[in-house]
Every structure is written in C-alpha cells, then in structure tokens.
Amino acid sequence: MSKIDESNLVVGLDIGTSNIKAVIGEMLDNHFVSIVGVGTYPAKGMDKGGVNDLNLVTQSIQRAVNEMELMADCKASSVLMAITGRHVQCQNETGMVAINNAEVDQEDIDNVIHTARSVPIPAERRMLHVLPQEYTVDVQEGVKNPIGMSGVRMNANIHIITCAEDMAKNYIKCTDRAELVVDTMVFSALAASYSVLTDDERELGVCVVDIGAGTMDLVIYSNGAIRHSAVIPVAGNQITGDIAKIFRTPVNNAEALKVRHACALKDMVSIEDTINVPSVGGRPARTMSRHTLAEVIEPRYQELFELIHEEIKASGLEEQIAAGIVLTGGTVKMEGAVEFAEEIFQMPVRIGTPNNIKGLTDYVNDPSFAVAIGLLQYGRQSIEEQVSQKLPTESIFNRIKSWFKGEF
Ligand SMILES: Nc1ncnc2c1ncn2[C@@H]1O[C@H](COP(=O)(O)OP(=O)(O)OP(=O)(O)O)[C@@H](O)[C@H]1O
Ligand SMILES: [Mg+2]
C-alpha cells in the first residue's frame, strides 16, 4: 500500500441512536475516498438522535474512535459530525442584489447568498446549512453557476437547515470530553446523500431517507438542488419494542429476532418456517412461525413508510422525484423492505450503500454507513470547492492540516 498522505485525511463521526460509527478516509482524486480506519460501538445514552446521558455518549464515542484509530494507526483530533433529531428544520429563502460590475463574480454570489440568508433566526436555533438552489440573472432563470454572466441584478434561492442550539451543544460537549474538535456539523440525511446518490438522480429528483434506530431523516433533491429536509422521530427501535411487547421477550432478544428472522412483507415468508423465541422471567423458550413474526413487522414498516410518504406529499414535491427513493440506515436491511416500500410509495426504491470508496470497503459497504461515509465525501467536496474558489482551506475547517497528533 502506498504511504498515506496525512494532510488528506478526514474523520467522520456519526453518533446514531443505536451505533456510533467513526470512519477515517484519505481524499483521493476523481471524487474517491480511501477508507483507512473504521470503528463502531453500540451507542449508550442516546435517544431518538438526541443526547440523553453525556457521560455514556462520551464513552461510546471514545470506544468507536479508538477502534478507528487503531485500525488506521493514527490519532484523530477533529471530526466532521452528523447531527439529527426532531429539532432539525428547514426553510427556503430568496435574496436579490445588484450586480456590481455588469458581470457576476464571486463577490456578487457571496452578497446575494448573504442577503437570502439574512432572515431572522431565533437565538436558540443554529444555522447548519445554507445551500444554494439556483440563481436568476435579470430574466434568465434556473442558472446553476452565474459566474461571468452579464446582467444588472441577480436573485438566489437557497435552502436553509437549522437545528436547536442546545441540542448541537450537547453533541459538542460529548466530543469535547472525548478530546475531539468538531470542525463542522452536517445534517445526517444530507451527509447520506453525498455518499449514495448519483448526479443523474439529483437532477431528475430523488428523496434520500436514512432510517436508523431512532429517527428517519430525509432530504429531497430536484433539478440538482435540495428542496426539502425533515426528521421524523420514529424508526427501527419502535419495531424492536413492538416485537418485545407482543412476544413478551426481552428487548435484546427482540432485536436479535428482528435482525435474524424478520421480514417486512408477510407474503414473502412461508408458514412452515419456525423460530425460537426466548421468554422472560426464566420461562422456557417457545417455538413460533416466522410468518407470525412477519405479521407483527409488516404493519410497523407500513407505518414508517406512510409517515415518510406523508412528509413527501406535504412538501409538495412528490411529482418532482422521478428517480424515486433511496433508502439508507440499518432498518432498511430487512428482507422485503424495498419491495414493500415500492408498494407504498408507488415509485422506484433502492437501497443506498456508499459510492466512490476504496480501501477498507468491506467494512462500510452497508446502508448504515451511508451517513458516516457521506461526511467524508462532504468534507472532500467542501475542500475542493474552497480550492476552486482559491479560498484558504482553513476557512472551512479549523486545522485540516493538523488534524492528527501524529502516529502512535
Ligand atoms: N438486518 C436488519 N433488519 C432490520 N433492521 C436492522 C437490521 N440490521 C440492523 N437493523 C436495525 O437498524 C437500526 C440501526 O441502524 P443505524 O445504525 O442506521 O441506526 P443509528 O444510526 O444508530 O440510529 P439513528 O440514525 O436513528 O440515530 C437498529 O434499529 C437495528 O435494529
Ligand atoms: Mg443514523
């Protein structure tokens, strides 16, 4: 293996409700990231994408990051971190400016974005992302890159994603305690979209939904830009909880039953298949049909998919997502989930696993790694944009060149 260029390393930290994932990757040319270290650890102290217990979350982060560092043989000091939770919200805004020298330059773009984002945001909310959608130069609409265009005035449409300041602070408290600097926070579904989508899908219109353990996070693209983002605070844990209640089995066993034997569509399971269900309170285990388990699971998946469908319909963008839906997150790994989702959404559905990766691909070739790997792609793209605009890369990340405290 060729020597790793440490100045090109990026660390992604996805603090999920059930698992913390830490990944480190080297940014390569041609939009690729080479994965050099991966760490996962069960998340303790998290609920529905929010921090419930600072100490427990800190410890879980440390375990995941340590594992990643051991694999990569280097030490991370700062990270790009994913954030989610029901407090995440979005809004679309517009701004207008006069073009300074009859030709659009970067300063005009910065000005128009600044005008568009200058909407009153309450002090308790943090602006996570300001994402340009398109520009209008005089009467020319739908311009993606107006640099160099002649005109008198310019409009910009932007998509703003905000989160609750206190929720963000709680995440940062945990990383501080784990001795990691957060360089930037990225909405988790936005991160996932960076690792799983193709440019064609973005242009045609697509909805990415990350269905984890505690939340379902989504972003909708059309004409190459983000139009809507949302978080629905229910996901895989709900299914596990229902299995535990209905079959009177401990939550750990319910989780194992779900992951090993469940199916989202009961018609895909034979009535003859049987499984062993452990009981609580020392009672003997029972044998039951796999079909019965699927009968419990199917309405839960239906509920989850219908909640997503309602969110898409409410956004008014259902007609604009011709490329359909891309599902990521652990909960979509269930047998029958894609078939069932296609039935409910009445559009094409596929599972999204991280694209454009090299190196330790076997570890992350999984829809539940879409967010963590997406963070690396987000970092790579942000740096490329800064370089193309000839801005110092330091302006996005505190210390990209000194992220690592040297080898062990
Ligand atoms: N094969 C499987 N079938 C069904 N569900 C699965 C499977 N494997 C994992 N899961 C579920 O996926 C969830 C974990 O996925 P993931 O790691 O994406 O969540 P998370 O990032 O920890 O949570 P969140 O994003 O909601 O904060 C758990 O609820 C787990 O039960
Ligand atoms: Mg997640």
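For every chain, the first residue of the written sequence is number 1, and numbering continues from 1 onward in sequence order. Lettering for chains starts from A, numbering for ligands starts from 1, and both go in the order in which the items are written. pLDDT decides what is reported in this predicted model: residues at 70 or higher carry local features, side-chain atom pairs at 80 or more are listed and counted, and totals for whole chains, interfaces and linings draw on all residues regardless. As a rule here, side-chain values cover all heavy atoms of the structure and leave hydrogens and water aside.

**Let's talk about helix H3 (residues 165–177)**
- Runs of H or I in DSSP of at least four residues are treated as helices and runs of E of at least two as strands, each being numbered from the N terminus. Each helix should span, by expectation, one fewer than its residue count multiplied by 1.5 Å. Over its 13 residues, H3 runs 18 Å from end to end, which matches the ideal 18 Å to within 8%, given 1.5 Å per residue.
- Note on exposure labels: buried denotes an accessible area under 20% of the residue type's maximum, exposed denotes more than 50%, and partly exposed covers the range between, all computed with a 1.4 Å probe on protein chains only. Among the residues making up H3, those that are buried are Glu165, Ala168, Tyr171, Cys174 and Thr175.
- At the C-terminal side of H3, glutamate 179 shows a positive phi close to 60°.

**Quick word on the layout of surface pockets**
- Space inside and on the surface of the protein is sampled on a 1 Å grid over the protein atoms alone, with a cavity defined as a set of points where a 1.4 Å probe fits but cannot get out and a pocket as an open set with protein on both sides within 12 Å along at least 5 of 7 lines; lining residues have an atom within 4 Å of a point. Grid points are joined across faces, edges and corners, and a volume is the space filled by probe spheres set on the points. Estimates place the volume of the largest pocket at around 2000 Å³.
- Counting residues per element, the ones that place at least two in the lining of the largest pocket are helix H2 (106–117), strand E8 (125–137), strand E11 (181–187), helix H4 (188–196), helix H5 (199–204), strand E14 (225–232) and helix H11 (370–388).
- Each residue belonging to the lining of the largest pocket can be placed in one class, and the counts come to 21 nonpolar, 18 polar and 10 charged.
- When residues of the lining of the largest pocket are assigned to domains, at least three fall in each of domain 1 (89–165) and domain 2 (199–352). In this count, Pro and Cys sit with the nonpolar residues alongside Ala, Val, Leu, Ile, Met, Phe, Trp and Tyr, while Asp, Glu, Lys and Arg are called charged and the others, Gly among them, polar. Start and end points for every domain follow an automatic or database-based domain assignment.

**Examining the side chain of aspartate 366**
- One can find aspartate 366 in the loop between helix H10 (361–364) and H11.
- Contact between two residues is taken to exist if any of their heavy atoms lie within 4.5 Å; hydrogens are not considered. For aspartate 366, the residues in contact, after removing those within four places along its chain, are Lys333, Thr353 and Pro354.

**Considering the site of ligand 1**
- In the vicinity of ligand 1 there are 21 residues, among which Thr17, Ser18, Lys21, Gly214 and Glu255 approach most closely.
- Within 3.5 Å is the distance limit for a polar contact, defined as a pair of N or O atoms, with the added protein rule that one can donate a hydrogen and the other accept it, and that residues adjacent in sequence qualify only through two side-chain atoms. Contact distances for ligand 1 include 2.9 Å between an oxygen atom and a backbone N or O atom of threonine 215.
- Interatomic distance of 2.8 Å between a side-chain N/O atom of lysine 258 and an oxygen atom of ligand 1.
- All accessible-area figures derive from a Shrake-Rupley calculation using a 1.4 Å probe, and residue coverage is judged against the displayed protein chains alone. Surface burial for ligand 1 is 92%, taken as the share of its 660 Å² of free accessible area covered by protein chains.
- Of all the elements in the fold, those that place two or more residues in the shell around ligand 1 are strand E2 (19–27) and helix H7 (251–261).
- Here the shell around ligand 1 takes three residues from H7, the largest share from any one element.
- Partitioned by chemical class, the residues of the shell around ligand 1 number four nonpolar, 12 polar and five charged. One heavy atom within 4 Å of a molecule or strand is enough for the residue carrying it to be called near that molecule or strand.

**As for the pairing of strand E3 (residues 33–42)**
- The element E3 is extensively covered by neighbouring structure, given that seven of its 10 residues are classed as buried.
- Between any two strands, at least two bridges found by DSSP are needed for them to pair. Bridge count for E2 against E3 is nine bridges, and the pairing is antiparallel. Considered in E3, the bridge of valine 23 is made with valine 38.
- Between E2 and the antiparallel strand that follows it, E3, lie five residues; asparagine 30 among them carries a positive phi value of about 60°.

**Some remarks on unusual backbone geometry**
- The residue alanine 102 is not glycine, and still its phi comes out positive at about 65°.
- Assignment of secondary structure puts alanine 102 in the loop between strand E7 (89–98) and H2.
- The partly exposed category is assigned to alanine 102, whose relative accessible area is 48%.
- Here the phi dihedral of asparagine 356 falls at roughly 55°; this positive angle occurs in a residue that is not glycine.
- In this fold, asparagine 356 is placed in the loop between strand E18 (349–351) and strand E19 (357–359).

**Topic: the nonpolar core**
- Residues belong to a common nonpolar core when they are buried Ala, Val, Leu, Ile, Met, Phe, Trp, Tyr or Cys residues joined through side-chain atoms within 4.5 Å. Ranked by size, the top nonpolar core spans 70 residues in total, and within it Leu13, Ile15, Ile61, Phe187 and Leu190 carry the most contacts.
- Shared between two domains, this core holds at least three residues of each, these being domain 1 (89–165) and domain 2 (199–352).
- Among residues more than four places away in sequence, those in contact with phenylalanine 187 are Ile83, Thr84, Val88, Leu128, His129, Ile161, Asp217, Leu218, Val219, Ser229, Ala230 and Val231.

**Concerning the sheet that holds strand E13 (residues 216–222)**
- If you walk across this open sheet you meet the five strands as E14-E13-E12-E17-E18, and the pairing is mixed. Only two strands of the sheet have a single neighbouring strand rather than two, namely E14 and E18. Recorded for the sheet is a direction-independent mean angle of 20° between the axes of neighbouring strands.
- With respect to the sheet, H4 is in contact with strand E12 (206–211), E13, E14, strand E17 (325–328) and E18, its orientation differing from that of E13 by roughly 55°.
- Here the axes come from fitting lines to C-alpha atoms, over the contacting stretch only for helices, and the angles between their N-to-C directions go from 0 to 180 degrees. Of the strands in this sheet, E17 and E18 touch helix H9 (residues 337–345), which is tilted by about 150° from E18.

**Re the domain arrangement of the chain**
- Domain boundaries assigned for the chain yield domain 1 (89–165) and domain 2 (199–352).
- On a C-alpha basis, the centroid separation for the pair domain 1 and domain 2 is 36 Å.
- Listed per partner, the contact involves nine residues of domain 1 and eight residues of domain 2.
- For the pair domain 1 and domain 2, the summed buried area comes to about 600 Å², and 44% of that belongs to carbon and sulfur atoms.
- In short, buried area is how much 1.4 Å probe accessible area vanishes from two parts on joining, totalled over both. Of all residues in domain 1, Cys90, Gln133 and Lys144 give up the largest surface area on contact with domain 2, accounting jointly for 52% of the area buried on that side.
- Salt bridges, as used here, are contacts in which a Lys or Arg side-chain nitrogen is within 4 Å of a carboxyl oxygen on Asp or Glu. Run the count over domain 1 and domain 2 and you get two salt bridges.
- When the shortest N-O distance is used, the salt bridge between glutamate 134 and arginine 227 registers 2.9 Å.
- Viewed at the interface, domain 2 and domain 1 are joined by six residue pairs in polar contact (both at pLDDT 80 or more).
- Mapped onto the side of domain 1 that touches domain 2, the elements with two or more residues apiece are E7, E8 and strand E10 (153–164).
- Tallied by class, the residues present in the side of domain 1 that touches domain 2 amount to four nonpolar, three polar and two charged.

**Focus on the pattern of salt bridges**
- A complete count under the given rule lists 15 salt bridges for this structure.
- Glutamate 69 is the partner of lysine 75 in a salt bridge, and the nearest nitrogen-oxygen pair spans 3.7 Å.
- Note on lysine 75: relative accessible area 30%, which makes it partly exposed.
- Classification of glutamate 69 by relative accessible area gives buried; the value is 3%.
- Between glutamate 255 and lysine 258 there is a salt bridge; the shortest N-O distance is 3.9 Å. Here glutamate 255 and its partner lysine 258 are both found in helix H7, three residues apart, which amounts to about one turn of the helix.
- Put simply, Asp242, Arg300 and Glu303 are held in one network by salt bridges that share partners.

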